[in-house]
Amino acid sequence: VQLVESGGGLVQPGGSLRLSCAGSGFTFSSYDMSWYRQAPGKEREWVATITRAAISTNYPASVKGRFTISRDNAKSTVYLQMNSLKPEDTAVYYCRAFFSLKTPPYWGQGTQVTVSS
């Protein structure tokens, strides 16, 4: 099983980035997919979730209206479009695949996003 994130980098405040997370080794379409982030010295924070059939999405207040999660099950890939980025969005971003409470989720290795002028 692998989850590989990409698309991170350095961006100026107000800018945009699109992260991608490609899954392999499992039935991607059967999993709810989420993005989390972790800033230095802080706990990992939930950022967005999309259900397995892409019927619904959810976001915390801190990113709602700025971030959009989407998925392409044919490509086994989940995306996070991030707009109007702020310095406080700086973190390592991780994707997570969740099947059920009875099985541990899968995590990617993370991709660094830095928002700075």
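As shown above, the structure is provided for reference.
Remember, predicted model here, so these are calculated numbers, not experimental data. (Residues numbered from 1 in each chain as written. Predicted model: local features only at pLDDT ≥ 70, side-chain atom pairs only at ≥ 80, totals over all residues. Heavy atoms only, no water.)

Visitor: Can you tell me about the state of the cysteines, naming the residues and giving the values?
Guide: Evaluated as defined, the whole model comprises 1 disulfide. Note that Cys-21 is cross-linked by a disulfide to Cys-95, the S-S spacing being 1.9 Å. Judged by the sign of its S-S torsion, about 40°, the cystine formed by Cys-21 and Cys-95 is right-handed. Of this pair, Cys-21 sits in strand β3 (residues 17–24) while Cys-95 is found in strand β9 (residues 91–98), placing the two residues 74 residues apart along the sequence. The two residues Cys-21 and Cys-95 agree in class, both being buried. (Disulfide = S-S within 2.5 Å. Helix = DSSP H or I, 4+ residues; strand = E, 2+ residues; numbered from the N terminus. Buried < 20%, exposed > 50% of the residue type's maximum accessible area, 1.4 Å probe, protein only.)

Visitor: So what's going on with the sheet that holds strand β1 (residues 2–6)? Residues and values would help.
Guide: Pairing is antiparallel across the open sheet formed by 4 strands, whose spatial order is β1-β3-β8-β7. Here the strands that pair on one side only, and so sit at the sheet edges, are β1 and β7 (67–72). Strand-to-strand twist in this sheet, taken as the mean axis angle between neighbours without regard to direction, amounts to 15°. (Pairing = 2+ DSSP bridges. Axes fitted to C-alpha atoms, helices over the stretch in contact; angles between N-to-C directions.)

Visitor: Which residues make up the nonpolar core, and what are the values?
Guide: Trp-35, Val-78, Leu-80, Met-82 and Tyr-93 are the most contacted members of the largest nonpolar core, which has 28 residues in total. If you list the elements that add at least two residues to this core, you get β3, β4 (32–38), β5 (45–50), β7, β8 (77–82), β9 and β11 (111–115). Residue contributions to this core peak at 4 residues, all from β9. The contact partners of Leu-80, leaving out residues within four places of it in the chain, are Leu-17, Arg-18, Leu-19, Trp-35, Val-47, Ala-48, Phe-67, Thr-68, Ile-69 and Tyr-93. (Core = buried A, V, L, I, M, F, W, Y, C linked by side-chain atoms within 4.5 Å. Contact = heavy atoms within 4.5 Å.)

Visitor: Requested: an account of the pattern of salt bridges, with residues and values cited.
Guide: Using the criterion set out here, one finds 4 salt bridges in the structure. A salt bridge links Glu-45 to Arg-37; the nearest nitrogen and oxygen atoms lie 2.8 Å apart. Overall, Arg-37 belongs to the buried group, its relative accessible area being 6%. Across the salt bridge formed by Asp-89 and Arg-66, the nearest N and O atoms sit 2.8 Å from each other. Of this pair, Asp-89 sits in the loop between β8 and β9 while Arg-66 sits in the loop between β6 (57–58) and β7; the two residues are 23 residues apart in sequence, bridging distant segments of the chain. Relative accessible area serves as the criterion here: at 0%, Asp-89 is assigned to the buried category. Classification of Arg-66 by relative accessible area gives buried; the value is 11%. Here the salt bridges do not stand alone but share partners, grouping Arg-37, Glu-45, Arg-66 and Asp-89 into one network. (Salt bridge = Lys/Arg side-chain N within 4 Å of Asp/Glu carboxyl O.)

Visitor: Just give me the short version of the pairing of β8, but keep the residues and values in it.
Guide: Counting buried residues in β8 gives 5 out of 6 residues, a clear majority hidden from the surface. Pairing of β3 with β8 involves 6 bridges; the strand directions are antiparallel. Counterpart to Leu-17 in the pairing with β8 is Met-82. As paired strands, β7 and β8 are joined by 6 bridges and run antiparallel to one another. Its bridge partner being in β8, Phe-67 is matched across the sheet by Met-82. The antiparallel hairpin formed by β7 and β8 contains 4 residues in its connecting segment, where Ser-76 sits at a positive phi of about 50°.

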